[in-house]
Amino acid sequence: MEKNKLYFDGCDVTELAKEYGTPLYVMSETEIVNRFAALRKEFLEKYENTRVAYAAKAFFTMAMAKLAEREGMCIDVVSGGELYTALKAGFPPERIEFNGNNKLAKELRLAVKSGIGRIIIDGFGELAKLEAICKEENRRMSVLFRITPGIKADTHDYIVTGKKDSKFGFPPEDEILMEQIRQAIESEYIDFKGLHFHVGSQLFDNRPYLQALEVILELVKKIREKFGVEVSELNFGGGFGIRYTDEERRPYAYFLDPMMERLEQFCREESFPHPAVVIEPGRSVVGEAGISVYTIGQIKDIKGVRKYVSVDGGMTDNIRPALYQSVYSGVIANKADEEKTETVTVCGKCCESGDILIRDLQVPVPEEGDIFAVFSTGAYGYSMASNYNRNGIPPVVLVKDGKSRMIVKGQDEEDLIRNDLLPEDL
Ligand code: LLP
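Residues numbered from 1 in each chain as written. Predicted model: local features only at pLDDT ≥ 70, side-chain atom pairs only at ≥ 80, totals over all residues. Heavy atoms only, no water.

Focus: the site of the ligand
Taken together, 18 residues are adjacent to the ligand, and Ser-201, Glu-280, Arg-283, Arg-320 and Tyr-380 come closest. In the environment of the ligand, an oxygen atom lies 3.4 Å from a nitrogen or oxygen atom belonging to the side chain of Lys-57. Tyr-380 is positioned with one of its side-chain polar atoms (N or O) 2.7 Å from an oxygen atom of the ligand. Against a free-state accessible area of 580 Å², the protein chains account for coverage of 93% of the ligand. Three or more residues apiece are contributed to the shell around the ligand by two domains, here domain 1 (7-26 + 287-412) and domain 2 (100-279). (Near = heavy atom within 4 Å. Polar contact = N/O pair within 3.5 Å; in protein donor to acceptor, adjacent residues only side chain to side chain. Areas by Shrake-Rupley, 256 points an atom, 1.4 Å probe, with all protein chains shown as cover. Domains from an automatic or database assignment.)

Encoded structure:
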């Protein structure tokens, strides 16, 4: 390794910047593969009848679908776009599971026609819509019902999804839920499998998961009492936290072992057959596998106030600091070993004062032309990118052991006007 340079999965980051330009997303294949391996070791191989459905929303491209397939994963999609991407990449449809609070008729139809594995019913009217489509297509679909267990997880409010006051899922005590489950059980087009919950995202505590599981197990009992049907599948969602700056990451087993143990005990005590268990990790697979690479441009030193260091991207390629006040860390990639003598605020180039990537970061003396890398941007960075200010979305490069290849082309100006029309009367 050359001194004073940042390396990522064997690649000199300054060389990547030269080769592909900046801004640039870089994803480490080794890190992604290691996470999938951890999921296999700590969950799939440890417990029978389990599946991991990688949550595509965190980061998804056709290449990512290939990686997930190769590593033995299923995929959780939440839109027709994600579903289409997976199908186009040749991902086995039976390993696709479809979440979302307002699946459109055309999305449901694509799901039914392509024969995906599961649909997670998320709202009062969805079952009837799905049933009608299955009837028209003469296909059966396996479903779970998404339950909002009413647990308040300790994370940013926007990414709490399991509490009662939520646009997602069914409150467990709701009679409508029982009515819908009855319909699903009785329908010849629907195969009722079980229940799904997702407590929130970027979590470090296993207690909300266990609390949610209690709510779900009560419901499992109620369903048997009422309909004589034993739930055959449970989905625990995702949400496992990662390291952005100084958070301490927990192994998957920390979350999953106590849940599997509790489920085991429940099945023993209540004489239930052990259901299949599915999890949907997104961020914990790709978050730390990504960095964002920028070139430093204008530097504005407001004496006694703040030194702003501008980069050639910003909230368009990483909305998380502006949207959730998320805190990131970064380094000057071509000054990796130099002493950090300055405190700067790294900001983007968008016309928006809130376009700040990192506040009060310690760095060596920054200069125009330096390469700046932000860590842990692999999840919800590229997937939440926008064209605000008509900035193009940067390319994505996948690196492994010193080799790199592009998996998403960057958008140029032509891409930005591609769908624009100029009506003749203008
Ligand atoms: N399953 C369901 C049903 C979900 O709603 C989510 C995330 C996941 C799985 C994956 O969660 P993960 O393992 O990635 O935490 N844009 C936000 C995160 C939104 C998460 C929404 N649901 C952010 O950038 O923090």
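Notes on the packing of aromatic side chains
Applying the stated criterion to the full structure yields 15 aromatic pairs. Residues Phe-240 and Phe-255 carry aromatic rings whose centres are separated by 5.1 Å and whose planes lie at 50° to one another, so their mutual orientation is tilted. Residue Phe-240 is found in the loop between strand E10 (233-235) and helix H9 (252-270), and its partner Phe-255 is found in helix H9; the two are separated by 15 residues along the sequence. Of the aromatic side chains, those joined through ring pairs into one cluster are Tyr-209, Phe-240, Tyr-252, Tyr-254 and Phe-255. Here the guanidinium or amino end of Lys-103 rests over the ring plane of Phe-98, the centre of that ring lying 5.8 Å away. Over the ring of Tyr-254 we find Arg-250, and its NZ or CZ is 4.2 Å from the ring centre. (Phe/Tyr/Trp six-rings, centres within 6.5 Å; stacked < 30°, edge-to-face > 60°. Helix = DSSP H or I, 4+ residues; strand = E, 2+ residues; numbered from the N terminus. Lys NZ or Arg CZ within 6 Å of the ring centre and 35° of its normal.)

A closer look at the sheet that holds strand E11 (residues 276-279)
The sheet built from eight strands closes into a barrel, its strands ordered E4-E5-E6-E7-E8-E9-E10-E11 with parallel pairing. Each strand axis lies, on average, 30° off the axis of its neighbour in the sheet, ignoring direction. (Pairing = 2+ DSSP bridges. Axes fitted to C-alpha atoms, helices over the stretch in contact; angles between N-to-C directions.)

Structural notes on the domain arrangement of the protein
For the protein, the assigned domains are domain 1 (7-26 + 287-412) and domain 2 (100-279). Placing a centre on the C-alpha atoms of domain 1 and another on those of domain 2 gives a separation of 37 Å. When the area that domain 1 buries against domain 2 is broken down by residue, the three leading residues are Glu-288, Tyr-324 and Ser-376, summing to 49%. The tally of links from domain 1 across to domain 2 stands at one salt bridge. One salt bridge in this structure joins Glu-288 and Arg-249, with 2.8 Å as the shortest N-O distance. Applying the counting rule to domain 1 against domain 2 returns four residue pairs in polar contact (both at pLDDT 80 or more). (Buried area = accessible area lost by both parts, 1.4 Å probe. Salt bridge = Lys/Arg side-chain N within 4 Å of Asp/Glu carboxyl O.)

Observations regarding the side chain of Ser-292
Relative to the helices and strands, Ser-292 resides in strand E12 (residues 290-302). Only 2.8 Å separates the side chain of Ser-292 from the side chain of Thr-377, close enough to count as a polar contact. Not counting the four nearest positions on each side in its chain, Ser-292 is found in contact with Leu-24, Tyr-25, Phe-372, Ala-373, Val-374 and Thr-377. (Contact = heavy atoms within 4.5 Å.)

A few points about unusual backbone geometry
Of note, the bond from Thr-22 into Pro-23 is cis; its omega dihedral lies within 30 degrees of zero at -5°. Examined against the element boundaries, Pro-23 turns out to sit in the loop between helix H1 (13-20) and strand E3 (24-28). For Asn-49, which is not glycine, the phi torsion reads 60° and is therefore positive. Among the secondary structure elements, Asn-49 is positioned in the loop between helix H2 (29-44) and strand E4 (50-55). Non-glycine residue Gln-202 carries a positive phi angle of around 60°.

Regarding the pairing of strand E18 (residues 396-400)
Most of E18 is tucked away: four of the five residues are buried. Inspection of the sheet shows E3 paired to E18 by four bridges, in the parallel sense. From the neighbouring strand, Tyr-25 faces E18, where its bridge partner is Val-396. As defined by bridge partners, E18 adjoins strand E19 (residues 403-408) across five bridges and the pair is classed as antiparallel. The residue bridging Val-396 from the neighbouring strand is Val-408, located in E19. (Buried < 20%, exposed > 50% of the residue type's maximum accessible area, 1.4 Å probe, protein only.)

A word on the packing of H2 against H9
Contact geometry of H2 with H9 gives a least axis separation of 10 Å together with a crossing angle of 25°. The angle between H2 and H9 falls in the class roughly parallel. For the pair H2 and H9, the sense of crossing is right-handed. Where H2 abuts H9, its residues Arg-35, Ala-38, Leu-39, Glu-42 and Phe-43 lie against Tyr-252, Ala-253, Leu-256, Asp-257 and Met-260. Its residues assigned to classes, the contact of H2 with H9 comprises seven nonpolar, no polar and three charged. (Parallel < 35°, antiparallel > 145°, perpendicular 65-115°, else oblique. Left-handed = near helix turned anticlockwise from the far one by under 90°. Nonpolar A, V, L, I, M, F, W, Y, C, P; charged D, E, K, R; others polar.)

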